[in-house]
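Each chain is listed here by its residues.
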Amino acid sequence: MSSAVEKAVEALELLPEEMQESAANYLLSQARKFRALKDAIDEGMADVEAGRVVPWDLEEFLRQARTKAQG
């Protein structure tokens, strides 16, 4: 078992029993959010590296939006 896992287990064991499950659920929730964010970043970086991302021009976007709204 890694040092980090051992520390997490020790921390949970030090908590009162009625707090252990909610603490473990919180840690798991945060880990899942981190993993989802990391995956999204990795996907975005792959898009950049593959040339699927272009600079975004706010002025051009607004001009097109106004043109569509008027037409």
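Located above this text is the structure these notes cover.
The shown structure was predicted, so the numbers you read here are calculated from the model rather than taken from an experiment.

Colleague: Lay out the environment of L37 in plain terms, naming residues and giving numbers.
Modeller: Looking at where L37 falls in the secondary structure, it is placed in helix 2 (residues 17-49). Here L37 falls in the exposed class, since its relative accessible area comes to 52%. Along the primary structure L37 and A23 are separated by 14 residues, whereas in three dimensions their C-alpha atoms are 21 Å apart.

Colleague: Lay out helix 2 in plain terms, naming residues and giving numbers.
Modeller: Note: α-helices contain 3.6 residues per turn, so residues at a spacing of three or four share the same orientation. Taking 1.5 Å per residue, 33 residues should reach 48 Å; helix 2 reaches 48 Å between its end C-alpha atoms and fits that length. Taken from the residues just after helix 2, G51 is the one with a positive phi, measuring 80 degrees.

Colleague: Kindly report on the packing of aromatic side chains, identifying the contributing residues and their values.
Modeller: One pass over the structure, following the stated rule, counts one aromatic pair. Taking the centre distance of 5.4 Å and the plane angle of 45 degrees together, the rings of W56 and F61 count as tilted. By relative accessible area, W56 is classed as exposed at 63%. The exposure class assigned to F61 is partly exposed, which follows from its relative accessible area of 42%.

Conventions and cut-offs
Residues numbered from 1 in each chain as written. Predicted model: local features only at pLDDT ≥ 70, side-chain atom pairs only at ≥ 80, totals over all residues. Heavy atoms only, no water. Helix = DSSP H or I, 4+ residues; strand = E, 2+ residues; numbered from the N terminus. Buried < 20%, exposed > 50% of the residue type's maximum accessible area, 1.4 Å probe, protein only. Expected span 1.5 Å × (residues − 1). Phe/Tyr/Trp six-rings, centres within 6.5 Å; stacked < 30°, edge-to-face > 60°.

So yeah, pure geometry; function would need other evidence.
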